[in-house]
Amino acid sequence: MAKLADAVRNPALAGREFSAAGVKVAVLPPAHRISLRAPTQSVAALSKALGLTLPQKPKGSAAKGTRTALWLGPDEWLVMDDGAKDPLDACASVDALHSAVGISHRNVAFSVIGVGAANTISAGCPQDLSLGVFPVGACSRTVLGKAEIVLLRTAEDAFRVECWRSFSDYVYGFLTEAARDAAA
């Protein structure tokens, strides 16, 4: 009998990082991710199952441990877990109406950190990234150059940029060029 081979997925751009004066761009390790859609009446049950309160307002996010939920629309969230627990498993036990789709392999994440982080992202993003308008914990679905991204401010001088795997080379290249310009 023939032996079946196990497929191994190599993370896109694994280990890449770039530093310039005042900014560092790095590819983050793989994470568990789901695209979650649910009506308002299902939010409490899903929040309980996920172990955090799903945000209900624009630009809202919630984090507990290694799990983060980002509000993307009135009934839409991106839920990520940088640890070993897949949020898809947590949603499987919820009877309330919802749609949870695993997208762990669809996305690639980058960290952009340093005093030049906001200027680096602003080179191709129309979002106002001033702290008064886009404070720590704020998130949004927006664009960077010609690619759609999900942007999360993780600290005053740090951001997480999520993009589709197929755009990861473009986004990484854009961020490194913008970092060079921000450092100049």
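A quick note: this is a predicted structure, and the numbers were derived from the prediction, not measured. Residue indices follow the written sequence of each chain, beginning from 1 at its first position. Reporting of local features is limited, given that this is a predicted model, to residues whose pLDDT is at least 70; pairs of side-chain atoms are given and counted only at 80 or more, and all residues count toward the totals for whole chains, interfaces and linings. No hydrogens and no water enter the side-chain calculation; it runs on all heavy atoms of the structure.

S.K.: Please clarify how the overall build of the protein chain should be interpreted in this entry.
M.R.: What counts as a helix is a DSSP run of H or I of at least four residues, what counts as a strand is a run of E of at least two, and both are numbered from the N terminus. Secondary structure summary: the protein chain contains 4 helices and 11 strands in total. Judged by the C-alpha coordinates and their principal axes, the protein chain covers about 55 × 55 × 30 Å. Per-residue accessibility, obtained with a 1.4 Å probe over protein chains only, is compared with the maximum for each type, and a residue is labelled buried under 20%, exposed over 50%, and partly exposed between these values. When burial is assessed residue by residue, the protein chain has 44% of its 184 residues classed as buried. The long-range share in the protein chain, meaning contacts at least 24 apart out of those at least 6 apart in sequence, stands at 60%. Surface summary for the protein chain: the accessible area is close to 9600 Å², and the carbon and sulfur share equals 56%. The charged-residue count follows a simple rule in which Lys and Arg add positive charge and Asp and Glu add negative charge, with His and chain termini not counted at all. For charged residues, the charge sits on one atom: NZ in Lys, CZ in Arg, CG in Asp, CD in Glu. For the protein chain, the separation between the mean place of its 19 positive charges and that of its 17 negative charges on side chains is 2 Å. Residues are treated as being in contact if the distance between any of their heavy atoms lies within 4.5 Å. Computed with the Shrake-Rupley method and a 1.4 Å probe, the accessible areas treat only the protein chains shown as cover for residues.

S.K.: Which parts of the structure should I look at to understand unusual backbone geometry?
M.R.: Negative phi values dominate among residues other than glycine, just as trans dominates among peptide bonds. Even without being a glycine, Leu 13 presents a positive backbone phi close to 60 degrees. Within the secondary structure layout, Leu 13 lies in the segment before β1 (17-20). Residue classification places Leu 13 among the buried residues on the basis of a relative accessible area of 12%. With a phi angle near 70 degrees, Lys 59 is a residue other than glycine that sits in the positive phi range. Along the chain, Lys 59 turns up in the loop between α1 (43-50) and β4 (61-64).

S.K.: Just checking my understanding: could you explain helix α4 (residues 168-183) for this structure?
M.R.: For an α-helix, 3.6 residues make a turn, and residues three or four places apart therefore share a direction. The first and last C-alpha atoms of α4 sit 22 Å apart over 16 residues, in line with the 22 Å expected at 1.5 Å per residue. Buried within α4 we find Ser 168, Val 171, Tyr 172, Leu 175, Thr 176, Ala 178 and Ala 179. End-on view of α4: buried residues confined to an arc of 165 degrees, all on one side of the axis. Residues of α4 that are exposed and point more than 90 degrees away from the buried face comprise Asp 169 and Asp 181. To estimate the expected span of a helix, count its residues, drop one, and scale the result by 1.5 Å. Think of it as the arc spanned by the lines of direction from the helix axis to the C-beta atoms.

S.K.: Would you mind going over the sheet that holds strand β8 (residues 107-113) with me for this structure?
M.R.: Two modes of strand pairing occur in sheets, parallel and antiparallel, and in both the strands are linked by backbone hydrogen bonds. In short, DSSP must find at least two bridges between two strands for them to pair. Strand order in this open sheet of 6 strands is β1-β2-β8-β11-β10-β9, and the pairing throughout is antiparallel. At either end of the open sheet lies a strand with only one pairing partner, and these are β1 and β9 (139-144). Neighbour to neighbour, the strand axes of the sheet diverge by 25 degrees on average, direction disregarded. Direction of pairing for β9 relative to strand β10 (residues 147-155): antiparallel, over a ladder of 6 bridges. Residue Arg 141 lies in a different strand from β10, and its bridge partner there is Val 150. Orientation is described by lines fitted to C-alpha atoms, with helices fitted over the stretch in contact, and by angles between N-to-C directions that extend from 0 to 180 degrees. Against the sheet, α4 engages β1, β2 (23-27), β8, β9, β10 and β11 (158-164), with an angle of about 15 degrees to β1.

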